[in-house]
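Analysis of the macromolecular model
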Amino acid sequence: MRVLGIEGTAWCASAALYDAEADSVLIESDPYEPDSGGIHPREAAEHMSEAIPGVVDAVLTAAEDEHGPDAIDAVAFSKGPGLGPCLRTVGTAARSLAGALDVPLVGVNHMVAHLEIGRHQSGFENPVCLNASGANAHLLGYHDGRYRVLGETMDAGVGNAIDKFTRHVGWDHPGGPKVEAAARRYAEEHSGDLLDLPYVVKGMDFSFSGISSAANDAYDDGVPVEKICFSLQEHVFAMLTEVSERALSLTGADEIVLGGGVAQNDRLREMLASMCAERGARFHAPEPRFLRDNAGMIAVLGAKMARAGDTVPIPESAIDPNFRPDQVPVTWRSGESV
Ligand code: ATP
């Protein structure tokens, strides 16, 4: 089976071809890069409508050059969660393409795709998943036909919380990689000298709004920015590691997969890997191209869903900006063969 996936929940216009027999993924992405500030929804939507035709055309051409006119068996698209105007563009593109190619359409939950790409690559059977992305942050575990939300942020997504600080400092979007670089420089020169910031964990839920504001205040008070970056990372990632360990402990799982754009951060991966090593659990983080928003993960989950017959008629294929992962009936886990 070969599936063409289209992703466009916010900033990344992306198309991919997943060839299930070869287990190979070709991804073409065209990111929106704001001139200043963060992601502006109207500009992101304009970018999406300009960029989607180009990335889809590149992938479709590559697929048809290699496999002929019947190269595509299904079209999968990111149905949500995300920015409504971006999702509508992607939904329209996917419907038109599925109609023109006369193949089934698959509506994929973007957050479940972040999880499933890690499970697909690792071969883990029943992991806890930590999704650490821009607009979201949650822990998922599978039970009785659904991915249940074990814990989640009570306010901002983890990447957005970090980007809020970098916007305050005047750094370009995305802020996460700049915070990582500054924190690394600070750690090399001042090991262990940590600024005290709010640390909010309640069971397996957590909150980032207080820490973003406290980081902004520290910057206004003249604390060196590299020290704030280091302290911000240490606190935020310790919170995520603590709740991940609690989820492993309470579910009895011994595997964890990481997903989302913030998972590109070496320090987060190091903390989680060390926690897992201490308790004898296995840990998997996908390669960066599958962590940030990308159509590869949409195509891979789309293939599993299509194989399970979980396709959607065009009149019922509306997007859902608030699509939660626990709304998705998991149709593809029994008799997995993709
Ligand atoms: P979602 O998947 O929830 O829709 P999103 O659309 O914002 O999120 P992602 O690609 O998952 O997109 O994540 C983008 C976020 O990842 C941004 O907030 C960015 O700052 C952050 N990020 C990217 N690289 C790093 C890094 N090395 N360290 C920390 N954060 C990072």
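Conventions we followed
- Residues numbered from 1 in each chain as written.
- Predicted model: local features only at pLDDT ≥ 70, side-chain atom pairs only at ≥ 80, totals over all residues.
- Heavy atoms only, no water.
- Domains from an automatic or database assignment.
- Contact = heavy atoms within 4.5 Å.
- Buried area = accessible area lost by both parts, 1.4 Å probe.
- Salt bridge = Lys/Arg side-chain N within 4 Å of Asp/Glu carboxyl O.
- Helix = DSSP H or I, 4+ residues; strand = E, 2+ residues; numbered from the N terminus.
- Nonpolar A, V, L, I, M, F, W, Y, C, P; charged D, E, K, R; others polar.
- Polar contact = N/O pair within 3.5 Å; in protein donor to acceptor, adjacent residues only side chain to side chain.

So, the domain arrangement of the chain
Interfaces are often described in size by the accessible area the parts lose on coming together. Each domain of the chain was delimited in the assignment, giving domain 1 (2-114 + 293-327) and domain 2 (124-289). Opposite the 14 residues of domain 1 that make contact, domain 2 presents 15 residues. Summed over both partners, the interface of domain 1 with domain 2 comes to about 1300 Å²; 54% of that surface belongs to carbon and sulfur atoms. Of all residues in domain 1, Met111, His114 and Asp326 give up the largest surface area on contact with domain 2, accounting jointly for 37% of the area buried on that side. Where domain 1 packs against domain 2, one counts one salt bridge. Between glutamate 152 and arginine 324 there is a salt bridge whose closest N-O contact spans 3.2 Å. Looking at the side of domain 1 that touches domain 2, the elements that each hand over two or more residues are strand 3 (24-31) and helix 3 (110-122). When residues of the side of domain 1 that touches domain 2 are assigned to their parent elements, the largest contribution, three residues, is made by helix 3. Taken together, the residues that form the side of domain 1 that touches domain 2 break down as seven nonpolar, five polar and two charged.

So, the side chain of asparagine 109
One can find asparagine 109 in strand 5 (residues 105-109). For asparagine 109, the side chain forms a polar contact with the main-chain nitrogen of valine 112, separated by 3.0 Å. Polar contacts involving the side chain of asparagine 109 include one to the main-chain carbonyl oxygen of arginine 324, which spans 3.3 Å. Excluding residues within four positions of it along the chain, asparagine 109 makes contact with Gly80, Pro81, Leu301, Phe323, Arg324, Pro325 and Val328.

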